[in-house]
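A closer look at the structure
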Amino acid sequence: AGKVWGQFQVDGTVNGSFNLSSVTDNATGNWTPVFDDNFSTVNYSIAGGFDDASNALLATNYENLAVGSVNIRIRNDADTLTDPSDFVTFMAMGD
């Protein structure tokens, strides 16, 4: 079952969510969503994406999975952290 989902702006402002306490804007292309209700283990699945009008090749990475947060990073084709032009989305499922 879905445990947490969120859509947020590049500055960390949350547009909509479930079980999402906050989003920290760590740096360009780097955010940490914090969950209201923790997972029981770090063995959960996460997926998401972003809205970007530039048509650039961007990739989303999920790192440092913790029971109460995850680090989301977006990189361009030069492997440099970058902000998409609009918003970031994610969802996580597990126990």
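Note that the coordinates shown come from a computational prediction; the quantities given were computed from them, not determined experimentally.

We now examine the nonpolar core. Soluble globular proteins tend to pack their nonpolar side chains together in the buried interior. The biggest cluster of nonpolar side chains holds 16 residues, and the ones touching the most others in it are Val 4, Phe 8, Trp 31, Phe 35, Ile 72 and Phe 90. Looking at this core, the elements that each hand over two or more residues are strand 1 (2-9), strand 3 (20-27), strand 4 (30-35), strand 7 (69-76) and strand 8 (87-93).

Our focus in this paragraph is the pattern of salt bridges. A complete count under the given rule lists 3 salt bridges for this structure. Across the pair Glu 63 and Arg 73 runs a salt bridge, and its minimum N-O distance is 3.2 Å. Of this pair, Glu 63 sits in strand 6 (residues 58-66) while Arg 73 sits in strand 7; the two residues are 10 residues apart in sequence, bridging distant segments of the chain. Glu 63 sits in the partly exposed class, given a relative accessible area of 22%.

Rules behind the numbers
Per-chain numbering applies: the sequence of each chain, read as written, is numbered from 1 onward. The predicted nature of this model means local features are confined to residues of pLDDT at least 70 and side-chain atom pairs, given and counted, to a pLDDT of 80 or more, with totals for whole chains, interfaces and linings taken over all residues. The side-chain values count all of the structure's non-hydrogen atoms but skip hydrogen atoms and water molecules. The set of buried Ala, Val, Leu, Ile, Met, Phe, Trp, Tyr and Cys residues whose side-chain atoms join them within 4.5 Å is what this entry labels a nonpolar core. When a residue's accessible area, from a 1.4 Å probe over protein chains only, is under 20% of the maximum for its type it is buried; when over 50% it is exposed; and in between it is partly exposed. Comment: elements are numbered from the N terminus, with helices defined as DSSP H or I runs of at least four residues and strands as E runs of at least two. Think of a salt bridge as a Lys or Arg side-chain nitrogen and an Asp or Glu carboxyl oxygen that are within 4 Å of each other.

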